[in-house]
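Chains, contacts and geometry: an overview
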Amino acid sequence: MQFENPFGVEELIELGGSAAVVLLMIGVAAVLGFRMSARIDDGELTRLAEAEGVRVDNSVIAQNGRTAFARLSDGRVMVARVMGADVSARFAPASIVRMNVNARRLNATFADTGFPPLKMRLDDSPAWLKEFSSGGDKA
Amino acid sequence: MTPPAAPFELPPIITYAVPGFVLLIIIEMIAVRLTKKGRYEYRDSASSLAMGLGNRVFGIAIGGLVVLAYFGVYQFRLFNLGWTWPVMIACFFAEDLAYYWFHRIAHERRFFWASHIVHHSSQHYNLTTALRQTWTGTLGLNFIFWLPLLYIGFPPLMVLMFSSISLVYQFWIHTELIDRMGPFEWIFNTPSHHRVHHATNAKYLDANYAGVLIIWDRMFGTFVPEDAKEKPHYGIVSQLGTFNPFRIAFHEWAGIWRDVTHAKSIKDVFGYVFGPPGWSPDGSRKTSASIKAEWAARQQTPPASAVAAE
């Protein structure tokens, strides 16, 4: 069997045209101002937790309102980040979250592939966060 | 034996539909801007459109395998069904039924979900979401659900034609701009039905798998109507939290790989690959069924505040 390159001139023109149209549509969306970003507040964290059937015990929200970290009533943690006009939340056992906390910053990475790392700037670092700073194995 | 020739030149249906897609997306964007009904976000749309473009790249590169498989199975067909009107009508229904089962199993078995999850990964619901398509559908063997049609004897090009028509039909139902549609909803898949399908609310999980006809969901017990009191929240149960197209395309495959390489037995490997999404040997992860069961249990229990008030 002979391998034939499926990408001929016609296909490349089609893909190039499609890419141009994609850029046009993204441009229209940007011009129309679809850059709105949701903001995370305590109410949103409560809604997300309730949808999961748990309560928020403690939470910290980034200065810009775009990311948040919370300890839940069942011992798990929730990280949340604004995704456009919505908020994306990840619920996980504390044991799979590697945390790095200092006075002004909180960084969290996950042991699995499910959620990108979280980086937050904080106004202050509440005391309850300290128990997570060594990898969160206590929950 | 060569398949019977189509009695007309088969148009490239999806290619012809693309200008319409673009126009409708721009119209929807303007309508959303004016009415504030529905939501757009340019990075989310960029991700969706990049997935659509990537899907086309993979289609050109390896889509020929699907055609080969179709014609390969067609060699062994049971009947010689030609291009007649009764056969075309039967093929329309058969293709839509095949789509229903493909779609249902794509949600119920992780191997197929790993490709289909891409389409559900946006937390927004608009016409660009319709174009958020998988890159791994062919490699993920999605086409096998249509092979029985070829084995029965429906001509391959007829099956491909109705698949294309179904795909084009399903474009317009990805919108929040259109509310309920009256009696049309009894038979056809509509924006309202499909919003339910894209929702992550426990009440709405695993419902409305229809392509064109909603009758299959009504027949097989997977139909759930949209509840005006419960607004859909879109996306997947474990939200991705990223607009990165490569992460969107491959994260579930990476998750399967990770689970399989850490599995302790062949049974666990089988469960991780072919079990329901969220399956784990110790049941510590959540599947749709467990989420729905927890939700149903919560509905039976009055909220703590209500108990306190009594």
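Bear in mind that the values here come from a model prediction, so they are computed numbers and not experimental data. (Residues numbered from 1 in each chain as written. Chains lettered and ligands numbered in written order. Predicted model: local features only at pLDDT ≥ 70, side-chain atom pairs only at ≥ 80, totals over all residues.)

1. Quick word on the overall build of chain A
Regarding its fold elements, chain A presents two helices and seven strands. Listed by position from the N terminus, the elements making up chain A come as α-α-β-β-β-β-β-β-β. Relative to its length of 139 residues, chain A is extended, with a C-alpha radius of gyration of 21 Å against a globular reference of 14 Å. Taking the principal axes of its C-alpha atoms as reference, chain A extends roughly 60 × 45 × 30 Å. Counting across all 139 residues of chain A, residues that qualify as buried make up 33%. A fraction of 46% describes how many contacts in chain A between residues 6 or more apart in sequence connect residues 24 or more apart. (Helix = DSSP H or I, 4+ residues; strand = E, 2+ residues; numbered from the N terminus. Rg over C-alpha atoms; globule rule 2.2 N^0.38 Å. Buried ≥ 20, exposed ≤ 12 C-beta atoms within 10 Å, placed from the backbone. Contact = placed C-beta atoms within 7 Å.)

2. Brief notes about the domain arrangement of chain A
For chain A, the assigned domains are domain 1 (1-35) and domain 2 (42-132). Taking the mean C-alpha position of each, domain 1 of chain A and domain 2 of chain A sit 37 Å from one another. (Domains from an automatic or database assignment.)

3. A few points about the nonpolar core
Core analysis: the biggest nonpolar cluster contains 49 residues, and Ala29 of chain A together with Phe154, Val159 and Ala210 of chain B have the highest contact counts within it. Per-element tally for this core: the top contributor is helix 4 (residues 85-108) of chain B, with six residues. What Ala210 of chain B contacts, discounting residues up to four positions off in sequence, is Tyr100, Asn189, His193, Trp216 and Asp217 of chain B. In terms of nonpolar packing, the next biggest core, distinct from the first, is built from 31 residues, Met83, Val97, Met99 and Met120 of chain A among them. (Core = buried A, V, L, I, M, F, W, Y, C linked by C-beta atoms within 7 Å.)

4. So, the interface of chain B and chain A
Taken residue by residue, the interface counts 33 residues in chain B and 31 residues in chain A. Looking at the side of chain B that touches chain A residue by residue, the classes come out as 14 nonpolar, ten polar and nine charged. (Nonpolar A, V, L, I, M, F, W, Y, C, P; charged D, E, K, R; others polar.)

5. Observations regarding the packing of helix 2 (residues 42-62) of chain B against helix 12 (residues 245-261) of chain B
All names here are of chain B. Remark: helix 2 packs on helix 12, axes separated minimally by 9 Å, with the N-to-C direction vectors making an angle of 65°. Judged by the sense of rotation from one axis to the other, the crossing of helix 2 with helix 12 is right-handed. The segment helix 2 lies against helix 12, with Ser47, Ala50, Met51 and Gly54 engaging Pro245, Ile248 and Ala249. In terms of residue class, the contact of helix 2 with helix 12 is made up of five nonpolar, two polar and no charged. (Axes fitted to C-alpha atoms, helices over the stretch in contact; angles between N-to-C directions. Left-handed = near helix turned anticlockwise from the far one by under 90°.)

6. Examining the sheet that holds strand 1 (residues 56-61) of chain A
All names here are of chain A. Ordered by their spatial adjacency, four strands build an open sheet running 1-2-3-4, and the pairing between neighbours is antiparallel. Lying at the two open borders of the sheet, with one neighbouring strand each, are strand 1 and strand 4 (86-92). Neighbouring strand axes in the sheet, compared pairwise and without regard to direction, differ in orientation by 20° on average. The sheet contact formed by strand 1 and strand 2 (residues 67-72) spans five bridges and is antiparallel. Directly across from Ile61, in strand 2, lies its bridge partner Ala68. Lying over the sheet, helix 2 (residues 42-51) contacts strand 1, strand 2, strand 3 (77-83) and strand 4, oriented at roughly 135° with respect to strand 1. (Pairing = 2+ DSSP bridges.)

7. Overview of the domain arrangement of chain B
Residue and element names in this part refer to chain B. Its domain assignment divides chain B into domain 1 (13-220) and domain 2 (247-309). A C-alpha centroid distance of 26 Å is found between domain 1 and domain 2. Between domain 1 and domain 2, the contact holds 18 residues from the first and 16 residues from the second. At the level of elements, helix 2 and helix 5 (110-120) are the ones that each hand at least two residues to the side of domain 1 that touches domain 2. Ranked by residue count, the leading element in the side of domain 1 that touches domain 2 is helix 5, at six residues. The class makeup of the residues in the side of domain 1 that touches domain 2 is nine nonpolar, four polar and five charged.

8. Quick word on unusual backbone geometry
Residue and element names in this part refer to chain B. Residues other than glycine seldom take positive phi values, yet Leu141 does so here, at roughly 60°. Structurally, Leu141 can be placed in the loop between helix 6 (127-130) and helix 7 (147-152). Judged by the 16 C-beta atoms lying within 10 Å of it, Leu141 is partly exposed. Positive phi, normally seen in glycine, also occurs at Asn208, with a value near 55°. In this fold, Asn208 is placed in the loop between helix 10 (191-198) and helix 11 (215-220).

9. Here's the deal with the sheet that holds strand 5 (residues 97-101) of chain A
All names here are of chain A. If you trace the three strands from one edge of the open sheet to the other, you get 5-6-7, paired in antiparallel fashion. Edge positions in the sheet fall to strand 5 and strand 7 (118-121), since each has one partner strand and no second. Each strand axis lies, on average, 10° off the axis of its neighbour in the sheet, ignoring direction. With four bridges joining them, strand 6 (residues 105-110) and strand 7 adopt antiparallel strand pairing.

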